[in-house]
Amino acid sequence: MEYIKVIIVGGGVAGLAAAKTLGRDVNYVLIEAQNYLGGRILTVDAAPDLTIDLGAQYVHGDKKNTVYDICDELNILLSDDEESDDDALIVTSEGKYCKSEILDKATDLWERTRNKAEEKYDDRTTLSPISFADIVPKEFQKRLLSSSSFSKDLIQPFIDYFMKLEMTETSCLSLSDLNLIEYLAYEDLEGEYENDLKNGGYRPFINYLKSFIPNDKRIRLNCEVIRVKFMEDDRKLLVEMNYLNQQCMKTIICDHIIWTTSLGYLKENFHMIFADEPKLIQQKQNSITNIGFGTVNKVIMIYKKKFWSRHINSIVLLHTKKDLSFEISDELRQQLQIERVDSDMFKEIVNMLFHYDVLPSTDIPVLICWFVGPTAIMIENLSEKLIGQVCHEVLCNYLNIVQEKYQPVRILKSEWHSNKYIRGSYSYSSIKSTKHDRRQLQASYAPDGIRRIVFAGEATHEHYYSTVNAALETGILAANKILSIIG
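Under an unreviewed UniProt entry, the protein has the name Amine oxidase and belongs to Rotaria sordida. Recorded in UniProt under Sequence similarities (unreviewed entry), the annotation for the protein is "Belongs to the flavin monoamine oxidase family." Here is the UniProt Cofactor (unreviewed entry) comment for the protein, exactly as written: "FAD".

Our focus in this paragraph is the pairing of strand E4 (residues 50-53). The alternating pattern of E4 places Leu 50 and Ile 52 and Thr 51 and Asp 53 on opposite faces, both of which are buried. What sits between strand E3 (residues 43-47) and E4 in their antiparallel hairpin is a turn of two residues, with Asp 49 showing a positive phi close to 65°.

Before going further, it helps to spend a moment on the state of the cysteines. Summed over all chains, the structure comprises zero disulfides. Of all cysteine sulfurs in the structure, the one in Cys 248 sits closest to Cys 223, which takes part in no disulfide; the separation is 8.7 Å. The exposure class of Cys 223 is buried, given its relative accessible area of 1%.

All right, on to the packing of aromatic side chains then. All chains considered together, the criterion is met by 20 aromatic pairs. Between Phe 270 and Phe 274, the ring centres sit 5.3 Å apart and the planes meet at 50°, which makes this aromatic pair tilted. Phe 274 shares its class with Phe 270; the two are buried. Among the aromatic residues, those joined into a ring-pair cluster are Trp 110, Phe 132, Phe 140, Phe 150, Phe 158, Tyr 161, Phe 162, Tyr 183 and Phe 354. Looking at Arg 218, its charged tip hangs above the ring of Tyr 28, at a distance of 4.6 Å from the centre. One residue, Arg 438, lies across the ring of Tyr 465, its end atom 3.5 Å from the ring centre.

On inspection of all chains with the given rule, the structure shows 19 salt bridges. Arg 112 is the partner of Asp 108 in a salt bridge, and the nearest nitrogen-oxygen pair spans 2.8 Å. Placement of both Asp 108 and Arg 112 in helix H3 (residues 100-121) is noted, with a separation of four residues, approximately one turn of the helix. The salt bridge partner of Asp 216 is Lys 210, with a shortest N-O separation of 3.5 Å. For Lys 210, a relative accessible area of 31% puts it in the partly exposed group. Via salt bridges that share partners, Lys 5, Lys 236 and Asp 255 belong to a single interconnected network.

Here we take up the packing of helix H9 (residues 278-290) against helix H14 (residues 435-442). Running from N to C, H9 and H14 cross one another at 125°; their axes reach a closest spacing of 8 Å. Considering their axes alone, H9 and H14 lie oblique with respect to each other. As H9 packs across H14, the resulting crossing turns out to be left-handed. Across the interface between the two elements, Gln 283, Lys 284, Asn 286, Ser 287, Ile 288 and Asn 290 of H9 pack against Asp 437, Gln 440, Leu 441 and Gln 442 of H14. In the contact of H9 with H14, the residues fall into two nonpolar, six polar and two charged.

Pairing of strand E1 (residues 2-9) with strand E12 (residues 248-259) involves seven bridges; the strand directions are parallel. Pairing of Tyr 3 across the sheet is with Ile 253, part of E12. Here four bridges tie E1 to strand E2 (residues 28-31), and the two strands are oriented parallel to one another. The residue bridging Ile 7 from the neighbouring strand is Val 29, located in E2. Running through helix H1 (residues 13-22), the crossover from E1 to the neighbouring parallel element E2 is right-handed.

This paragraph deals with the nonpolar core. One finds Phe 158, Tyr 356, Leu 367 and Phe 371 to be the most contacted residues of the largest nonpolar core, which totals 92 residues. If you tally residues by element for this core, the top one is helix H13 (residues 384-399), at eight residues. Among all residues touching Phe 371, those that are not within four sequence positions of it are Thr 295, Val 296, Asn 297, Val 299, Ile 349, Met 352, Leu 353, Ala 376, Ile 379, Ile 387 and Cys 391. Among the nonpolar cores identified, the runner-up in size contains 38 residues, and Leu 30, Leu 77, Ile 219 and Ala 479 belong to it.

Moving on: the side chain of Lys 164. With respect to the helices and strands, Lys 164 occurs in helix H5 (residues 152-170). Residues contacting Lys 164, with those up to four places away along its chain left out, are His 319, Asn 351, Met 352, Phe 354 and Val 372.

What follows is about the sheet that holds strand E17 (residues 366-372). In space, the seven strands of this open sheet follow the order E7-E6-E15-E16-E17-E14-E18, with mixed pairing throughout. Of all strands in the sheet, those bounded by a partner on one side alone are strand E7 (97-98) and strand E18 (410-413). Here strand E15 (residues 312-318) runs beside strand E16 (residues 355-358); their pairing, made up of three bridges, is antiparallel. The partner of Ser 314 across the bridge, within E16, is Asp 357. Helix-sheet contacts for H5 involve strand E6 (87-92), E7, strand E14 (296-302), E15, E16 and E17, and the interaxial angle to E15 is about 120°.

About the criteria used
- Residues numbered from 1 in each chain as written.
- Predicted model: local features only at pLDDT ≥ 70, side-chain atom pairs only at ≥ 80, totals over all residues.
- Heavy atoms only, no water.
- UniProt positions renumbered as here; feature names shortened; annotations may be inferred.
- Buried < 20%, exposed > 50% of the residue type's maximum accessible area, 1.4 Å probe, protein only.
- Helix = DSSP H or I, 4+ residues; strand = E, 2+ residues; numbered from the N terminus.
- Pairing = 2+ DSSP bridges.
- Disulfide = S-S within 2.5 Å.
- Phe/Tyr/Trp six-rings, centres within 6.5 Å; stacked < 30°, edge-to-face > 60°.
- Lys NZ or Arg CZ within 6 Å of the ring centre and 35° of its normal.
- Salt bridge = Lys/Arg side-chain N within 4 Å of Asp/Glu carboxyl O.
- Axes fitted to C-alpha atoms, helices over the stretch in contact; angles between N-to-C directions.
- Parallel < 35°, antiparallel > 145°, perpendicular 65-115°, else oblique.
- Left-handed = near helix turned anticlockwise from the far one by under 90°.
- Contact = heavy atoms within 4.5 Å.
- Nonpolar A, V, L, I, M, F, W, Y, C, P; charged D, E, K, R; others polar.
- Right-handed = clockwise from strand over helix to strand, strands pointing away.
- Core = buried A, V, L, I, M, F, W, Y, C linked by side-chain atoms within 4.5 Å.

Pasting the structure below:
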């Protein structure tokens, strides 16, 4: 039976950071169930000279920030000179254009509303949890109504827009499940909130982390851990694995495990994998249940020619009509029938379309459309052709342009919830969760008084979970815990 000192489970950023920190001299292997390294960072070649990040695509913060420093050293950050002007194209259901200043004003009021909520609820940690949806949207509405900048027909559309934007930021299933007090305690990374990457995305960053792994024998792709048991007599961990490509089972004995899989994967598999460790289950089951883990998906549309101005970096749709019906193409109507998308499903998709980002890292015209909540999960069952055509035709309808004239040449979409090894995008503080849950999720398992299983990953970070930084930092921390034991 094979013996390895340390097994790292999960080949995302946390697992790769742990491997880098352990160093060449430690006898370790990195186990990854998928056929690539990166986890929720997935960079794909979408066209000649065009890469797309289907998962994480921003570097958050730029001060005292390891992820930023690595990306800066690799020269993969988009400079201010290379980015497009910071202008949004804002259009209503009737095809009326709003000045970008009105979005700036609404953004300022939204941030003021959140700041006011923080002042009011920041010290109420001992009381029962409060839902984000119960407080912030209502207060935001009051501010919009009291402002002379917004006509009545724009009030609800702006509320809907910012609620969807907040769901995108947090990945929550609904704002009713977002814990306001925990949300307000979230710590943003210092500096610029979102830094764009050059064409190539996060791929060089993942390759950089991988370069510290001495050889490919230390990496085992397509290999799923299905059972972990601590053997008291031997004081070792028994790890059973399914080698997916070889369709066979193998067992490894080890002293320590660094566990870095997504919270979504733990929610579905934790009890089964650790069935022989009731104390571990008791230690973590509440945390795994309580912390939220949602889905954000992207639909990427690649065009041959731009139909928006060069200075535009995003397109905002304000749904000022309750009836969102419009004339669709015969091709789309036929595709809807083929895939059995009824009118209610179609309306749900159309209603979710609120924001298109222009990809700034390339001269090739690319739009990224964001889906959140239940709709994000629903579109995973639809073809790229169908969902891309819906996104395209809705946009053209708003902009009052002929959709046949500017057909996308390729459509891509992410499917993070369907991925059984991830099951979503990133964690959030649900109405049930507290900081204690994240501490418990990160807590090591020491059945014999020695840390045998340590946990890492963005969901285990107490302050800026959901980010690449959180994954990197917790991976490093987990490896250092092991190093403090083995020397």
